[in-house]
Amino acid sequence: MQSLYVEGTSIMHRLPARSKLLVLAILGVILFTTRNIPLLSLGVLITGAVYFSLGLPFGQAIARLKPVLLTILVVALFSLAFNPWHGAVEALLRLTALMLFAAAVTATTTIGEFIDEITLLARPLERAGLVAANDVGLAVGLVVRFVPEILGRYQAIKREAAARGSNVRPVTVLAPLIILTLRDADNIAAAIDARGVRRHVS
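Computed from a predicted model, the values in this text were never measured in an experiment.

Cut-offs applied
Residues numbered from 1 in each chain as written. Predicted model: local features only at pLDDT ≥ 70, side-chain atom pairs only at ≥ 80, totals over all residues. Heavy atoms only, no water. Salt bridge = Lys/Arg side-chain N within 4 Å of Asp/Glu carboxyl O. Helix = DSSP H or I, 4+ residues; strand = E, 2+ residues; numbered from the N terminus. Buried < 20%, exposed > 50% of the residue type's maximum accessible area, 1.4 Å probe, protein only. Lys, Arg positive; Asp, Glu negative; His and termini not counted. Polar contact = N/O pair within 3.5 Å; in protein donor to acceptor, adjacent residues only side chain to side chain. Contact = heavy atoms within 4.5 Å.

A. Structural view of the pattern of salt bridges. Tallying each qualifying case throughout the model produces 4 salt bridges. One salt bridge in this structure joins Glu117 and Arg18, with 2.8 Å as the shortest N-O distance. Taken together, the residues span a long stretch of sequence, with Glu117 in helix α6 (residues 111-127) and Arg18 in helix α2 (residues 17-32) at a distance of 99 residues. When its relative accessible area of 14% is taken as the criterion, Glu117 is described as buried. The closest approach of N and O atoms between Arg94 and Glu90, which form a salt bridge, is 4.0 Å. Of this pair, Arg94 and Glu90 both sit in helix α5 (residues 85-108), 4 residues apart, which is roughly one turn of that helix. The pair Arg94 / Glu90 is uniform in exposure class, with both members buried. One network of salt bridges, in which partners are shared, links Arg35, Glu90 and Arg94.

Printed below as a string of structure tokens:
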């Protein structure tokens, strides 16, 4: 399977996972509580500098952002259709800055580190009898792990359809992608249960 994590020696790679996740949370609060366009633009510049300092080849760095960036553009256009222009610009800058730093975090944090930190954060909820912390950590880790796999499979299905001379449209690609993803999810869930990884709480 592919992974979003990239080996490196940048400052972000050397920071503890907890610190990176904490900064990401604080950044999200700051970005969504300001409507100052110059400040949001500065946020994009800073987070962009952080992301592109990780040592990824430029083409690969851009390719990793494309799916989310397209979504952000759709959100911004939708906002522009129903709100003043500055609202759309705010949404575009805000989400772009958050995307860039989140991409830097996922590129410099291993799945194991993600699982450990999320599990630790979920411990208070476990003590309250609401969730099983290990299950929450495992779920988040699997989501992060599967994102590049799903994107890679999407591209593979598109290539296969194009090779057959079929008309490649998102709607025609979506159905087999969902089926394959659900099948893999069932297989992984069965493997996890067979090994007794998940703790069932009554």
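B. Highlighting the side chain of Lys20. Structurally, Lys20 is set in helix α2. One buried charged residue, Lys20, forms no salt bridge at all, with the nearest opposite charge on Glu113 at 5.0 Å. Within the structure, the side chain of Lys20 is placed 3.1 Å from the backbone oxygen of Met12, a separation counted as a polar contact. Of note is the side chain of Lys20, whose polar atom sits 3.1 Å from the side chain of Thr109. If we ignore the near neighbours within four places in the chain, the residues touching Lys20 are Met12, His13, Leu15, Phe101, Val105, Thr108 and Thr109.

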